[in-house]
Amino acid sequence: LRVNYSNICGASSVFPQVVFGRTMASLPRKPGVASFDELRSLTGPIVLDLRDPNEVEKGKGGPPAKIPGSVNVPLNHDGVPQAERETTVEEFLAKIADAGVELPTDKNQAIVTHCGSGGRGNRGAILLRELGFTNVHNGGGPSIIAEALGLKE
C-alpha cells in the first residue's frame, strides 16, 4: 500500500491543512529543506522542478503533480540517481537552457528548487549557489511549496 495525501485525504486535488493532527508548517522535513515559514516569506520566486518528466506526470511528492508556474528542469541523466552520477554545474546550465529558463541577472532573486522530497532539490540548490545565487531554497516536494506560496492548481 502506497501512503500519500490522496490515500489519507481521499482526494488528490485537495491540499490538506492538517496531516495526522499536524499543520503543514509543523511537519518534519529533511535536512537542507527550507521551512514552511521560510518559503512563505519569499516574494515571486522562480520555482525549478528537478524531477524526471515521468515523476511529474505521476505526481511524485504531490499533490499537486506540478506547481503552477514552475519549470521542469530534470536534474538526473537518463534517470540515473544523483547518488550514482552527480550533475555538474555545466550540465545543469545546459539543462536549464534546454528547458527555456533564463536565470535572473539579479543573483539575489529568490529561487526554489524541488524534486519529490528534497534530495535533488538540495543538489540543484547547491549548483545554483556555486553559480553565485544567494537566495536559493530547497523546497523539498511540491505539496509544501504550493501550500506555502499559495500556488494551488
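Residues numbered from 1 in each chain as written. Predicted model: local features only at pLDDT ≥ 70, side-chain atom pairs only at ≥ 80, totals over all residues. Heavy atoms only, no water.

Asker: Break down the packing of aromatic side chains for me, citing the residues and quoting the values.
Answerer: Any two aromatic rings considered together are summarised by their centre-to-centre distance and by the angle between their planes. Under the counting rule described, the total for this entry stands at 0 aromatic pairs. Here the guanidinium or amino end of Lys 107 rests over the ring plane of Phe 133, the centre of that ring lying 4.3 Å away. (Phe/Tyr/Trp six-rings, centres within 6.5 Å; stacked < 30°, edge-to-face > 60°. Lys NZ or Arg CZ within 6 Å of the ring centre and 35° of its normal.)

Asker: Can you lay out helix 5 (residues 119–130) for me, pointing to particular residues and giving the numbers?
Answerer: End to end, helix 5 covers 17 Å across 12 residues, agreeing with the expected 16 Å (1.5 Å per residue, within 8%). Buried within helix 5 are the following residues: Arg 120, Gly 121, Arg 123, Gly 124, Ala 125, Leu 127 and Leu 128. Contact partners of the buried residues in helix 5: strand 3 (46–49), helix 3 (53–58), helix 4 (89–98), strand 5 (111–114) and strand 6 (136–138). Positive backbone phi, at 100°, marks Gly 132, one or two positions downstream of helix 5. (Helix = DSSP H or I, 4+ residues; strand = E, 2+ residues; numbered from the N terminus. Expected span 1.5 Å × (residues − 1). Buried < 20%, exposed > 50% of the residue type's maximum accessible area, 1.4 Å probe, protein only. Contact = heavy atoms within 4.5 Å.)

Asker: Describe the sheet that holds strand 5, and please don't skip the residues or the numbers.
Answerer: Read from one edge to the other, the open sheet built from 4 strands follows the order 4-3-5-6, with strand pairing classed as parallel. Looking along the sheet, the strands with just one partner apiece sit at the ends: strand 4 (71–72) and strand 6. (Pairing = 2+ DSSP bridges.)

Asker: A description of the environment of Leu 75 should follow, citing residues and the corresponding values.
Answerer: As for its position among the elements, Leu 75 is in the loop between strand 4 and helix 4. The exposure class assigned to Leu 75 is buried, which follows from its relative accessible area of 0%. Through-space distance from the C-alpha of Leu 75 to that of Thr 87 is 6.7 Å; in sequence the pair is 12 residues apart.

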